[in-house]
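Here is what each chain is made of, one letter per residue.
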Amino acid sequence: MAWASWGCCPWLVLLSVCAWGHAKPMDLRRENVRNCSASPPYLPVTVVNTTAQLTALRQQMRTWNLSAYIIPNTDAHMSEYIGEHDKRLTWMTGFTGSSGTAVVTMGKAGLWTDSRYWTQAEQEMDCNWELHKEVGSIPVVNWLLTETPAGGHVGFDPLLFSIGTWKSYDTALQGSDRELKPITTNLVDLVWGSKRPPVPSEPIYVLQETFTGSTWQEKVSNIRSQMQKHRKAPTAVLLSMLDETAWLFNLRSNDIPYNPFFYSYTLLTDSSIRLFVNKSRFNSETLQYLNSSCTGPMCVQLEDYSQVYDSVQAYASGAVRIWIGTSNTMYAFYNVIPQGKVIAETYSPVMVTKAVKNSKEQTLLKDSHVQDAVSLIRYLVWLEKNVPKGIVDEFSGAELLDKLRSEEKFSAGPSFQTISASGLNAALAHYSPSKEVHRKLTSDEMYLVDSGGQYWGGTTDITRTVHWGTPSAFQKEAYTRVLIGNIDLSRLIFPAGTSGPMLEAFARKALWDVGLNYGHGTGHGIGNFLCVHEWPVGFHSSGLTMGKGMFTSIEPGYYQDGEFGIRLEDVALVVEAKTKYPGTYLTFEVVSLVPYDRNLIDVRLLSPEQIQYLNRYYQTIREKVGPELQQRKLLEEFEWLQKHTEPLSGRAPRTTFLASLLAASTLAILGWSV
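For the chain, an unreviewed UniProt entry supplies the name X-prolyl aminopeptidase 2 and the organism Pipistrellus nathusii.

So, the sheet that holds strand 18 (residues 453-455)
Pairing within the open sheet is antiparallel, and its 3 strands lie in the order 15-18-19. Strand pairing shows two members of the sheet lacking a second neighbour, strand 15 (411-414) and strand 19 (458-459), which therefore form its edges. As defined by bridge partners, strand 18 adjoins strand 19 across 2 bridges and the pair is classed as antiparallel. By the bridge assignment for strand 19, Gln 454 is matched with Thr 459. Running over the sheet, helix 14 (residues 359-386) touches strand 18 and strand 19 and is turned about 135 degrees from strand 18.

As for the state of the cysteines
On inspection of all chains with the given rule, the structure shows 2 disulfides. Across the disulfide from Cys 36 sits Cys 127; the S-S distance is 2.0 Å. When the S-S torsion is -95 degrees, as for the bridge of Cys 36 with Cys 127, the disulfide is left-handed. Placement of the pair is Cys 36 in the loop between helix 1 (11-14) and helix 2 (51-63) and Cys 127 in the loop between helix 4 (118-124) and strand 4 (130-132), with a sequence separation of 91 residues. Residue Cys 127 is classed as partly exposed on the basis of its relative accessible area, which comes to 35%. Between Cys 294 and Cys 299 runs a disulfide, and the two sulfur atoms are separated by 1.8 Å.

Some points on the pattern of salt bridges
Inspection of the entire model under this criterion finds 28 salt bridges. Among the ionic pairs, Glu 408 bridges to Arg 632, the shortest N-O distance being 2.8 Å. Placement of Glu 408 in the loop between helix 15 (394-406) and strand 15 and of Arg 632 in the loop between helix 18 (608-631) and helix 19 (635-644) is noted, with a sequence separation of 224 residues between them. What makes Glu 408 buried here is its relative accessible area of 5%. Across the pair Arg 508 and Glu 504 runs a salt bridge whose closest N-O atoms are separated by 2.6 Å. Of the two residues, Arg 508 and Glu 504 both sit in helix 17 (residues 500-512), 4 residues apart, roughly one turn of that helix. Exposure remark for Arg 508: the relative accessible area of 1% places this residue in the buried category. The buried category is assigned to Glu 504, whose relative accessible area is 0%. Through salt bridges that share partners, Asp 86, Arg 88, Asp 189 and Arg 196 make up one connected network.

What about the packing of aromatic side chains?
Tallying each qualifying case throughout the model produces 24 aromatic pairs. Taking 4.5 Å as the distance between ring centres and 35 degrees as the angle between the ring planes, the aromatic pair formed by Phe 156 and Phe 161 counts as tilted. Phe 161 gets classed as buried once you look at its relative accessible area, which sits at 1%. Geometrically, the ring pair formed by Tyr 617 and Tyr 618 is tilted, given 6.0 Å between the ring centres and 35 degrees between the ring planes. For Tyr 617, a relative accessible area of 6% corresponds to the buried category. For Tyr 618, a relative accessible area of 1% translates into the label buried. Chaining the aromatic ring pairs together yields one cluster made of Phe 156, Phe 161, Trp 166, Tyr 169 and Tyr 331. Its end group placed over the ring of Trp 247, Lys 219 keeps NZ or CZ at 4.3 Å from the ring centre.

What counts and how
- For every chain, the first residue of its written sequence is number 1, and the numbers climb from 1 along that sequence.
- Confidence filtering applies because this is a predicted model: local features only for residues at pLDDT of at least 70, side-chain atom pairs given and counted only at 80 or more, and all residues used for totals across whole chains, interfaces and linings.
- Calculated side-chain values reflect all of the structure's heavy atoms, with hydrogen atoms and water omitted.
- Pairing between two strands requires that DSSP report at least two bridges joining them.
- Only runs of H or I of at least four residues qualify as helices and only runs of E of at least two qualify as strands under DSSP, and these elements are numbered from the N terminus.
- Only heavy atoms matter for contacts: two residues are in contact if any of them lie within 4.5 Å across the pair.
- Geometry is summarised by axes, namely lines fitted to C-alpha atoms with helices restricted to the contacting stretch, and by angles between N-to-C directions that run from 0 to 180 degrees.
- In plain terms, two cysteine sulfur atoms within 2.5 Å form what is called a disulfide here.
- When a residue's accessible area, from a 1.4 Å probe over protein chains only, is under 20% of the maximum for its type it is buried; when over 50% it is exposed; and in between it is partly exposed.
- Here, a salt bridge means any side-chain nitrogen of Lys or Arg that lies within 4 Å of a carboxyl oxygen of Asp or Glu.
- Any two of the Phe, Tyr and Trp rings considered here, Trp counted by its six-membered ring, make a pair once their centres fall within 6.5 Å; the pair's planes then place it as stacked at under 30 degrees, edge-to-face at over 60, or tilted in between.
- Note on criteria: charge over ring means Lys NZ or Arg CZ within 6 Å of the ring centre, with the direction from the centre no more than 35 degrees off the ring normal.

This is how it looks when you write it as structure tokens:
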């Protein structure tokens, strides 16, 4: 899946790094939007009246002596997907998009969002709100300077501002005679009151040992060992992101859409383990599993979720040093820990540790991709038979694919909302169909499906683009060049420690050669029944360099505006490369196991090395997925697989891979980055 904000990535900090990601379905029709300049103003039926919310919020602002109040579209854990309980921006504005910032003053209210959502915002917001077609703190601050008086206070909830977001606003406001004022009582929550959806209360359960790489005791011991070896000798690690705690204790639940997490924090010290959570959600077996009835260093002390701020503040008053990851910790905690007692590094030790999968976790993720391949192959076979009949649309197709995945053993639902896009819709990077807005699938258009599943052993994400009719020469060329980028990066051998931007240049080289490109990142990390976007693995400049045992997506694409879109995405494991001479070199082992569309491949553009790689990959698919199809008596799907993995052959230009290597390296050195 092409990405902008990861479920396990602090996207508020990294929006400039991430190019785009999975978004809510948006109504792509430009008609039926509000017209606030008309007399009387025209408002479509999709608009929400927000007068009452704004009146009540402004009353609270007067009480707190505020000139403005900032409302980000996030939760206290920087989650990509947020639960109904945390959709404050939606409740205040009516806008349901997944990215945006709202600001309310005593006289005006504004929403800032990116181009994905401009039409949607005009369809959902009433005339109380101005739409600002910009993102980032600078445009917001510039507006604040004109709409608030000198000496005014700009309020915000410090539990909803990352450290980076706070710094950007604070820096921009310096010298303006306006003060950024943290208020730990969320004013929207006060106004929302009893109408606010309840906090999820489903049970928090233990992930079976079969599906975990290590026990929670082993993980705790590992993190404590890192604390002891750290040159600054931290006495505690604070974990704020939901996947950190879920991973550490091998616990899961369903508080967040598409992610098996539960609201929680962890304060792991050198002598205690404090888990902040709703204790009532644990059954007696889980309490026993956590050793919650004792007080030793390997006993988990359960404390109420709402007490984390006060507890961290109390702990920080002692002779301690608290290790935090600045990319994934909210300003509230950073502000309450004295500067001399905070050890601030980009990533927490848990984020770095879970990025590298051990041998059991690798096996679990690989097995999950075999299951996932069966689902997607079943879907592609069904499409091949039914699209020509004219009975399939984008939405019904996506629903069927989700259903097929749900039939797999150990399935826990989709890992994100399926992107099912036909023709020109596929050129819209964030498009997902809805029941109301979708296109028919036809044999005359390309079809892009980007989807993934959650399984107890691992998370999956794969994209395939197909055409059931006669593609144009340009479509075949574009597809083949995207495929070449996927192949060249997947088979690349590179020195350990090579930067992400230099590596991802190989995915773009074949497109660059003819003046084409794509506007999103080339890859993201992926978890073991955790996040589909697992930070901080990827090819971006601010992530970790690739290391053995990491999983990343490889997903080049091309998008012809108003016509079609292409993306080919696989998940790959970083492994040691076998080289002629000694050295620490790495390469990728692709674990996604679905063939590409032969109808769209122009073999003449492929080098002999690329054809050889593709044929080896197809043989691997046969060996790993074929027996699974046969065992389950999916004979039609097995025949389809055999047909679509037949070896490719053809005359190809003799361009060597070395030439491609040198060219891509040169372009990377010249400064290409994402």
